[in-house]
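A structural walkthrough
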Amino acid sequence: MASRGFARQVVVRALLGCCAWPAPLAALAGACAPAAGPGRSPGTGIGPGGQATATPPQAGPGAQPSPRVGAVPVTFAGGWRIEEYAETLQQATDAVDATTFAQLARRGAVTADVLASKPPGASLEGYLAPGTYQVVPGQTSAASLLEQMVRRFAEMAPPATRAAVQQRLGLTVHQWVTLASIVERMSLSGVSGAEAGPAVRARLAEQLLARLRAGECLCVDVTIQFALGRPGDWWPALSGPTRSVLPESPYNTYTHRGLPPGPICNPSADTLHAVAALGG
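Residues numbered from 1 in each chain as written. Predicted model: local features only at pLDDT ≥ 70, side-chain atom pairs only at ≥ 80, totals over all residues. Heavy atoms only, no water.

Let's talk about the packing of aromatic side chains
Counted only if it meets this: Pairing of aromatic side chains here covers Phe, Tyr and the six-membered ring of Trp, requires ring centres within 6.5 Å, and sorts the geometry by plane angle: under 30 degrees stacked, over 60 edge-to-face, intermediate tilted. Strands are runs of DSSP state E lasting at least 2 residues, helices are runs of H or I lasting at least 4, and numbering of each runs from the N terminus. The classification of residues rests on relative accessible area computed with a 1.4 Å probe and restricted to protein chains. Under 20% of the type maximum is buried, over 50% is exposed, and intermediate values are partly exposed. Our definition puts a charge over a ring when NZ of Lys or CZ of Arg is within 6 Å of the ring centre and also within 35 degrees of the ring normal.
Counted by the stated rule, this structure contains six aromatic pairs. Plain terms: the ring middles of W80 and Y85 are 6.4 Å apart, the flat faces sit at 70 degrees to each other, and that makes the pair edge-to-face. Measuring from centroid to centroid gives 5.2 Å for F226 and Y251, while their planes differ by 50 degrees, and the two rings are tilted. One end of the pair, F226, is in helix α9 (residues 222–228); the other, Y251, is in the loop between α9 and α10 (269–276), with 25 residues separating them in the sequence. Like F226, the residue Y251 is buried in the burial classification. Members of the aromatic cluster, each reached through a chain of ring pairs, are F76, W80, Y85 and Y133. Residue placement shows R81 over the ring face of W235; its charged tip is 5.4 Å from the ring centre. R152 extends its terminal NZ or CZ atom over the ring of Y133, reaching a point 3.9 Å from the ring centre.

Let's talk about the pairing of strand β4 (residues 131–135)
Condition: In short, DSSP must find at least two bridges between two strands for them to pair.
Within β4, five of the five residues are buried, which leaves it mostly tucked inside the rest of the structure. Pairing between strand β3 (residues 72–76) and β4: five bridges, direction antiparallel. Looking at β4, one finds that V72 is bridged to V135.

Structural notes on the side chain of T271
How we decide: Nitrogen and oxygen atoms within 3.5 Å of one another constitute a polar contact, given that in protein one can donate a hydrogen and the other can accept it, and given that sequence-neighbouring residues count only through two side-chain atoms. Note on definitions: a residue-residue contact is assigned when non-hydrogen atoms from the two residues lie within 4.5 Å.
Among the structural elements, T271 can be located in helix α10. Using a relative accessible area of 0% as the deciding quantity, one classes T271 as buried. For T271, the side chain forms a polar contact with the side chain of E184, separated by 2.6 Å. For T271, the contacting residues outside a window of four places in its chain are A180, V183, E184 and R201.

Considerations on the state of the cysteines
Worth spelling out the cut-off: Cysteine sulfurs are considered disulfide-paired once they come within 2.5 Å of each other.
As enumerated under the stated definition, the model contains one disulfide in all. Between the sulfur of C217 and that of C219 lies a disulfide, 1.7 Å long from S to S. What sets the handedness of the C217 and C219 disulfide is the S-S torsion sign, and at about -45 degrees it is left-handed. The residues C217 and C219 share a single accessibility class, namely buried.

What about unusual backbone geometry?
With a phi close to 55 degrees, C219 is a non-glycine residue in the positive phi region. Along the chain, the position of C219 falls in the loop between α8 (198–213) and α9. With a relative accessible area of 15%, C219 lands in the buried category.

Digging into the confidence of the model for the chain
Low pLDDT marks regions whose predicted coordinates should not be analysed in detail. What counts here: You can read pLDDT as the predictor saying how much it trusts each residue, on a scale of 0 to 100.
For the chain, the mean per-residue pLDDT works out to 81, and 72% of the residues sit at or above 70. Overall, residues 2–12 carries pLDDT values under 50, and its contacts beyond four positions in sequence, including any with other chains, amount to 14 contacts. When the criterion is pLDDT under 50, residues 18–63 qualifies, and its contacts beyond four places in sequence or with other chains add up to 87 contacts.

Structural notes on the packing of helix α7 (residues 173–187) against α8
Counted only if it meets this: Structural elements are reduced to axes, namely lines fitted to C-alpha atoms, with helices fitted over the stretch in contact, and the angle between N-to-C directions of any two is expressed from 0 to 180 degrees. Reported orientations rely on four angle classes, namely roughly parallel under 35 degrees, roughly antiparallel over 145, roughly perpendicular from 65 to 115, and oblique for the rest. Should the near helix be turned counterclockwise from the far one by less than a right angle, the crossing is left-handed, whereas a clockwise turn marks it as right-handed. Only Asp, Glu, Lys and Arg are considered charged in this grouping, and only Ala, Val, Leu, Ile, Met, Phe, Trp, Tyr, Cys and Pro are considered nonpolar; every other residue, Gly among them, is considered polar.
The interhelical angle for the contact between α7 and α8, taken along N-to-C directions, is 130 degrees, at an axis separation of 10 Å. Between α7 and α8, the angle is such that the two are oblique. As α7 runs across α8, the sense of the crossing is right-handed. Along the contact surface, α7 presents L179, I182, V183, E184, M186 and S187, while α8 presents R201, L204, A205, L208, L209 and L212. Residues of the contact of α7 with α8, tallied by class, amount to nine nonpolar, one polar and two charged.

A word on the side chain of E84
Put simply, the rule is: Only four residue types enter the tally: Lys and Arg on the positive side, Asp and Glu on the negative side, with His and both chain ends excluded. The salt bridge criterion pairs a side-chain nitrogen of Lys or Arg with a carboxyl oxygen of Asp or Glu, the two atoms within 4 Å.
Mapped onto the elements of the fold, E84 is located in helix α3 (residues 82–92). The buried charged residue E84 lacks any salt bridge, with R185 as its nearest oppositely charged partner at 4.7 Å. Separated by 2.9 Å, the side chains of E84 and W235 make a polar contact.

Some remarks on the nonpolar core
Just so we agree on the cut-off: Among the buried residues, those of types Ala, Val, Leu, Ile, Met, Phe, Trp, Tyr and Cys that are joined through side-chain atoms within 4.5 Å form a nonpolar core.
F101, L128 and F153 are the most contacted members of the largest nonpolar core, which totals 62 residues. In terms of residues, this core owes the most to one element, α7, which gives eight residues. Apart from residues no more than four positions distant in its own chain, F153 is found in contact with V114, G126, Y127, A129, V177 and L272. In this structure, C217, C219, I224 and V245 belong to the second largest nonpolar core, which totals five residues.

A word on helix α5 (residues 142–156)
Worth spelling out the cut-off: Each residue after the first adds 1.5 Å to the expected span of a helix. For this quantity, the arc is that covered by the directions from the helix axis to the C-beta atoms.
Over its 15 residues, α5 runs 21 Å from end to end, which matches the ideal 21 Å to within 8%, given 1.5 Å per residue. Buried within α5 are the following residues: A142, L145, L146, M149, V150, R152, F153 and M156. The buried side chains of α5 occupy one side of the element, clustering within an arc of 160 degrees when seen end-on. Packed against the buried residues of α5 are β3, α3, α4 (98–107), β4, α7 and α10.

Okay, here's the thing in structure tokens:
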């Protein structure tokens, strides 16, 4: 049991930042692997050596609706950003215009109670629930697909859970989702072949929340990767001192304390719940 707990600490410390490791432990943990990049198929993670490993996509609670005649199932995985959703949609079907989908998502063109704490004009990043959706040619539009995703997110984050997060953690829904999105992306980094399961995600969330409360920087690479992401490489590997990469960007969590302006990806239900359970 002790060795298992130590191994979990090794994974968490490595995911939080290799540069903070004492030399012996850094050697044991290995170098931090880059986060999953473009081309990762729905439902894949990153395993030893950065190789793709088959894992089921993280969907919201409840059973998937029965497919409708002529419907095209499209699966979006937890940890993807809006652009990766749009690319997957474009590859799966031409029934919904992927460009319109991305534009509406970036404009935040959905109204729902669960979005109440989202800043005006902010995108829907973080609020588009992963999972499989049925796209019906001639019926499903970009707007209606986004509405489905936000509704499923609301099921993942019911009012009682939102209230508990506010009361126990002092976080708005937007802050909660932002923190969960960071944990999600960090959990996709393979370290020494170890898989970031629920316990590791919970520990990551706990340590990041402790940094927030202490007024320290989060000091994580994934937020900078989000800011740097471009078509063909939405999660680029970082080289050189991370403080010097886009130092003025609010997504550089080495040079800016606190949370970035918003979520960096769409987190899974498991990661949302791991953050929500803190302090419970």
